[in-house]
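Residue-level structure breakdown
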Amino acid sequence: MSVKVCKFGGSSLADAAGLRRAAEILAADESRRFVVPSAPGKRFDGDRKVTDLLITCHELARQGLGFDEPWGLVAERFAAIVAELGVSVDLEGWLAEARAGIEATAAVGPDFAASRGEALNGRVLGALLGWACVDPAEVIWFNERGRLDEERTYRALGGRLKELGRAVVPGFFGSRADGDGSPASIKTFSRGGSDVTGAIVARAVMAAVYENWTDVPGLLITDPRVVPGAFPIEVVTYRELRELSYSGARVLHEEAVFPVRSAGIPVRILSTREPGEPGTWIVAAADPKAETEYEITGIAGRSGFTGFMIEKAMMNAEVGFGMRALAVLDRHEISFEHVPSGVDTMTLVIDDAYFEGADAVITREALAEEIKSATHADEVDVDPAISLIATVGRGMKRKPGMAAKLFAALHEADVNIRMIDQGSSELNITIGVDDADYASAVRAIYRKFVGD
């Protein structure tokens, strides 16, 4: 029998009704044998995600303060879920174990605390289904560099799941390379990492399909908050999804592509609210004979970037110029998004997170001065408040007039283009616009290529 792995998001498992709906979906298909749950998400506007509450608990403990209030909300949330489901579990024991671990890791880091929402929800779902709940800390391993230890993980996880036949594997976390089973040895993926766990489980059992269940009917062509009623995408390739995820689409964690892509396992995005809808298929390569309704696959974007325009006469003839500019970024561990260039100009487009908030490493002005000094540039202009918008689609490749159509849409919407970048794959045209023009630009591109 072919095996399907299912992952359910936090908004789909926010309450007892959500867990019950997930159980019904799993029971509807005998091949759905392994499930990866997220922590309970928001039940309504103004509600708080369980993971956010747990991170607050850790932060208070780190400061040597009590965390009874947020912890009480977590405990009440799970107590309500267990009571409504009517499952018999040792919830008090589980909660006491989790609280003790948060206290023990207060000075170490937030990983243990942040992972407890998935750990607890996984145990509850396992009790509801009557399936074993596998502790990811025993089967998912990170290496010394903090990356997934693929060989060790697939061996341990695949072996355990083969023995069980059916199982729940909580998402989002595993164990450090030297993990000894203690709370301090827990390590999490980045936020949204339950998608990654689902992909890892699918790869470990060589699933026929990895089903990712959310509260939306598949991957939409663009953000419905910007374009209400945006249509879903029927089929998207891994390459297209990677471009869309990187550029701002957030239905699937961008790192979740890699474990299944390497094994050729298709992903299907489905809605728990409308389980009968076709959703979106994510595949290695779309059927070249299949007709696509639209010329593009999707539009995604993000605001909050700064451009550093470096200008120097005869830059093109100066060997090592680009290397010296990028060496400044390397020194501060700053990555760039795009590097559009001209004969005497080179622009570094950088995420504003490096200059603002808790993760800031340097000011924009200081970075500009360092670049100017390192390259002996004539000028380095700082250009903030840039939004990047990627128009992505396999149907764009070698099709004349695509760029002209895109630029015409922006012209008609009176949007000024600040930057243009297109890769050699012809899969993606990225433009930069003023933050204030972001929504107008996305809507204009959507109307031009998809319609009203």
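Look up a bit, the structure's there.
Predicted model only: the values in this text are computed from it and were never measured. (Residues numbered from 1 in each chain as written. Predicted model: local features only at pLDDT ≥ 70, side-chain atom pairs only at ≥ 80, totals over all residues. Heavy atoms only, no water.)

**With respect to the overall build of the chain**
- A count of helices and strands for the chain gives 13 helices and 15 strands.
- Its C-alpha atoms give the chain a radius of gyration of 24 Å, near enough to 22 Å, the size a compact globule of 452 residues would have.
- Projecting the C-alpha coordinates of the chain onto the three principal axes gives extents of approximately 75 × 55 × 40 Å.
- In the chain, which comprises 452 residues, the proportion classed as buried is 52%.
- A separation of at least 24 residues holds for 74% of the contacts in the chain among residues at least 6 apart in sequence.
- Only carbon and sulfur atoms are counted for the fraction: they give 49% of the accessible area of the chain, which is about 20,400 Å².
- In the chain, 49 side chains carry a positive charge and 67 a negative one; their mean positions are 5 Å apart. (Helix = DSSP H or I, 4+ residues; strand = E, 2+ residues; numbered from the N terminus. Rg over C-alpha atoms; globule rule 2.2 N^0.38 Å. Buried < 20%, exposed > 50% of the residue type's maximum accessible area, 1.4 Å probe, protein only. Contact = heavy atoms within 4.5 Å. Areas by Shrake-Rupley, 256 points an atom, 1.4 Å probe, with all protein chains shown as cover. Lys, Arg positive; Asp, Glu negative; His and termini not counted. Charge placed at Lys NZ, Arg CZ, Asp CG, Glu CD.)

**Considering the sheet that holds strand β4 (residues 167-168)**
- Strand order in the open sheet formed by eight strands is β3-β4-β2-β1-β7-β9-β10-β8, and the pairing between neighbours is mixed. The sheet is open, and its two edges are formed by β3 (132-133) and β8 (235-237), each paired on a single side.
- Of the pairings in the sheet, the one linking β8 to strand β10 (residues 280-283) comprises three bridges and is parallel in character. If you follow Val235 over to β10, its bridge partner there is Trp281. (Pairing = 2+ DSSP bridges.)

**Describing the side chain of Thr197**
- Note that Thr197 resides in helix α7 (residues 194-204).
- Take Thr197: its relative accessible area is 0%, and that puts it in the buried class.
- Those residues within four positions of Thr197 in sequence are excluded, and the remaining contacts are Val36, Ile140, Val169, Pro170, Gly171, Phe172, Phe173 and Phe189.

**Overview of the sheet that holds strand β11 (residues 298-311)**
- Strand order in this open sheet of five strands is β12-β11-β13-β15-β14, and the pairing throughout is antiparallel. Two strands bound the open sheet, and with one partner strand each, they are β12 (345-351) and β14 (419-422). Recorded for the sheet is a direction-independent mean angle of 35° between the axes of neighbouring strands.
- Two strands pair when backbone bridges link them, and β11 and strand β13 (residues 379-392) are joined in this way by 11 bridges, in the antiparallel orientation. For Gly298, the partnering residue across the bridge sits in β13 and is Val392.
- Sheet strands touched by helix α10 (residues 321-331): β11 and β12. Its angle to β12, the strand with the most contacts, is close to 20°.
- Relative to β13, helix α11 (residues 364-375) is tilted by about 105°, and along the sheet it contacts β11, β12 and β13. (Axes fitted to C-alpha atoms, helices over the stretch in contact; angles between N-to-C directions.)

**Focus on a negative patch on the surface**
- On the surface, a cluster of negative charge is made up of Glu311, Asp378, Glu379 and Asp381.
- Relative to the assigned elements, Glu379 resides in strand β13. (Patch = residues over 30% accessible without salt bridge, like charges linked within 9 Å, V, L, I, M, F, W, Y side chains within 5 Å. Salt bridge = Lys/Arg side-chain N within 4 Å of Asp/Glu carboxyl O.)

**Side note on α10**
- Residues Phe321, Ala325, Val328 and Leu329 constitute the buried set of α10. Taken down its axis, α10 places every buried residue within 100° of arc, on the same side. Exposed positions of α10 whose direction lies more than 90 degrees from the buried face are Met323, Asp330 and Arg331.
- Looking at the packing, one finds that the buried side of α10 touches β11, β12 and α11.
- Glu333 sits one or two positions beyond α10 and adopts a positive phi of about 55°. (Arc of directions from axis to C-beta.)

**Quick look at a positive patch on the surface**
- On the surface, Arg239, Arg261, Lys397 and Arg398 cluster together into a positively charged patch.
- By secondary structure assignment, the location of Lys397 is in the loop between β13 and α12 (402-412).
- The exposure class of Lys397 is partly exposed, given its relative accessible area of 40%.

Everything listed here is a matter of coordinates, which is why it stays silent on function.
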